[in-house]
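Structural characterization, general
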Amino acid sequence: MSIKDQAIIDLIKQFPFLSQQEMAEKLNMSRPALANAISRLIREGKIIGRAYILPEENEIICIGGANVDRKFHLKNVMKQGTSNPAEVSQSVGGVARNVAENLGRLGHKVRLITAAGQDSEWTFIEQESLPFMNLQSVEFTSVSTGSYTAVIEPTGEMSVALAVMDVYEYLTPAVLSKSESFLRNASMLLTDLNCPKDTIDYLRKIALESDVELTVVAVSSPKMDRLPDNLLGVNWLICNVDEAEAYLNVDIQDQKTWEAAAQELCNRGVTNAIVTWGSKGVVACTRDKSTLHFSAEKLNHMSDATGAGDAFVGGLIHGRITGWPLEMSIQAGQTNAFQTLQSSHTVRKELTANSLRNEMEA
């Protein structure tokens, strides 16, 4: 058997549901050449047939970042311009990936669409993520897998973070169109703002055309310019106060301006605008309800703030998919975030749907 034939068989063993176009791209072959090779292998009895599946109609599709996270935990308060003693840890991260793992642990079917390099960082991400999500729609590139490095103060607060995210520029509408049948049949689309602006708008239009809920999750203030001006079709927009200020070009100083910012997001087309403000809690505004404020539970000890925002999103979306009302869904998000703040893990290992419900009732 030739090396190329063996590569085809190995790929089918690993990913039996890939289309011929997806296989051709992974093998760096033309689609006609691949089709001829598969036909020959079938005639020779080396392949019995191809597997085909219908899109999962109850699948949550998360689109965006999947990084290797490195955390440097300072032993003392950060001192600029000198060496700082620290301990280092490594884990998987990325907003879309973290939310996907939260949802997977909560019992939902999840597909992750991201871009990555064919490197050791992706191998690490794949091993840690596969138990909780479908990874068959990953776009592999010549650019290295994303990475995020955070410096954590002894208090648990983040001092500074460095992000290497160029790989996500490959998450173009053309790339996502390869998975369009999945996108149009999803129970929800969730994208973070690591994706390019035209991709966010592409997903917004897919959501409108296919009557699929779309959730957009902010990742940082500088990337708020990736949000389109027209937010019609965005069912949930989740951001913090700094990110809302950057997008709306406003100054949020108190609860009145906080609520006004959430209302303005709804005025621009968002169905449910969720604006968080750390220990001050959450403001939620919907197009058919008045603005609501949810206080945050007082935290006595914080292990690590990394991942708490993703945990909030995961809990909130879990509540929405489960059919809970807005107030209960936000409570689920706040509870999951509160517990994650006290955990050393970016996504809590003990998280299940039952454990979250018990924590909400405690």
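Residues numbered from 1 in each chain as written. Predicted model: local features only at pLDDT ≥ 70, side-chain atom pairs only at ≥ 80, totals over all residues. Heavy atoms only, no water.

Looking now at the pairing of strand β7 (residues 147–152). On any regular strand, side chains alternate: one points to one face of the sheet, the next to the other face. Of all six residues in β7, six are buried; the element is thus mostly enclosed. The side-chain alternation of β7 yields two buried faces, one formed by Ser 147, Thr 149 and Val 151 and the other by Tyr 148, Ala 150 and Ile 152. Bridging between β7 and strand β8 (residues 158–164) involves six bridges; their strand directions are antiparallel. From the neighbouring strand, Ser 147 faces β8, where its bridge partner is Val 164. Connecting the antiparallel pair β7 and β8 is a turn made up of five residues, with Gly 156 showing a positive phi of about 100 degrees. (Buried < 20%, exposed > 50% of the residue type's maximum accessible area, 1.4 Å probe, protein only. Helix = DSSP H or I, 4+ residues; strand = E, 2+ residues; numbered from the N terminus. Pairing = 2+ DSSP bridges.)

Attention shifts here to the nonpolar core. Core analysis: the largest hydrophobic core is formed by 49 residues, its most contacted members being Leu 176, Leu 183 and Leu 189. In this structure, Leu 176 is in contact with Ile 63, Ile 113, Leu 171, Leu 183, Thr 199, Tyr 202 and Leu 203, ignoring residues within four places of it in sequence. With 35 residues, the next largest nonpolar core counts Val 99, Met 188, Leu 190 and Phe 312 among its residues. (Core = buried A, V, L, I, M, F, W, Y, C linked by side-chain atoms within 4.5 Å. Contact = heavy atoms within 4.5 Å.)

Throughout the structure, instances matching the rule amount to 17 salt bridges. Note that Glu 121 and Arg 70 form a salt bridge whose closest N and O atoms lie 3.7 Å from each other. With Glu 121 in helix α5 (residues 120–129) and Arg 70 in strand β2 (residues 67–74), this residue pair connects regions lying 51 residues apart in the sequence. On the basis of relative accessibility, which here comes to 26%, the residue Glu 121 falls in the partly exposed class. Using a relative accessible area of 24% as the deciding quantity, one classes Arg 70 as partly exposed. Note that Arg 204 and Asp 201 form a salt bridge whose closest N and O atoms lie 2.9 Å from each other. Placement of both Arg 204 and Asp 201 in helix α8 (residues 197–210) is noted, with a separation of three residues, approximately one turn of the helix. Residues Arg 204 and Asp 201 agree in their burial class; the two are buried. Among the charged side chains, a network of salt bridges with common partners joins Glu 25, Glu 139 and Lys 178. (Salt bridge = Lys/Arg side-chain N within 4 Å of Asp/Glu carboxyl O.)

Along helix α2 (residues 20–27), the residues classified as buried are Gln 20, Glu 22, Met 23, Ala 24 and Leu 27. For α2, the secondary structure elements touched by its buried residues are α1 (3–14) and α3 (31–43). Immediately beyond the C-terminal end of α2, within one or two residues, lies Asn 28, with a positive phi of roughly 60 degrees.

Mapped onto the fold, Ala 207 is located in helix α8. Of the residues examined, Ala 207 reaches a relative accessible area of 4% and is grouped as buried. In this view, Ala 207 contacts Val 212, Leu 214 and Gly 233; residues no more than four positions away in its chain are not counted.

Turning to the sheet that holds strand β3 (residues 86–93), a few remarks are in order. Strand order across the open sheet formed by four strands is β3-β2-β7-β8, with mixed pairing between neighbours. Strands at the two margins of the open sheet, each flanked by one partner only, are β3 and β8. Adjacent strand axes in the sheet meet at a mean angle of 15 degrees, parallel and antiparallel pairs treated alike. Where β2 and β7 come together, six bridges link them in parallel fashion. Looking across to β7, one finds that His 73 is bridged to Ile 152. (Axes fitted to C-alpha atoms, helices over the stretch in contact; angles between N-to-C directions.)

Let us look at the packing of aromatic side chains. For the structure shown, the criterion picks out two aromatic pairs. Taken together, a centroid distance of 5.8 Å and an interplanar angle of 80 degrees make the contact between Trp 122 and Phe 140 edge-to-face. Residue Trp 122 is located in helix α5, and its partner Phe 140 is located in strand β6 (residues 139–141); the two are separated by 18 residues in the primary sequence. Ring centres 5.1 Å apart and planes at 90 degrees place the aromatic pair Trp 258 and Trp 277 in the edge-to-face group. Of this pair, Trp 258 sits in helix α10 (residues 255–267) while Trp 277 sits in the loop between β12 (272–276) and β13 (282–286); the two residues are 19 residues apart in sequence, bridging distant segments of the chain. Between Lys 280 and the ring centre of Trp 277, over which it is positioned, the NZ or CZ distance is 3.8 Å. (Phe/Tyr/Trp six-rings, centres within 6.5 Å; stacked < 30°, edge-to-face > 60°. Lys NZ or Arg CZ within 6 Å of the ring centre and 35° of its normal.)

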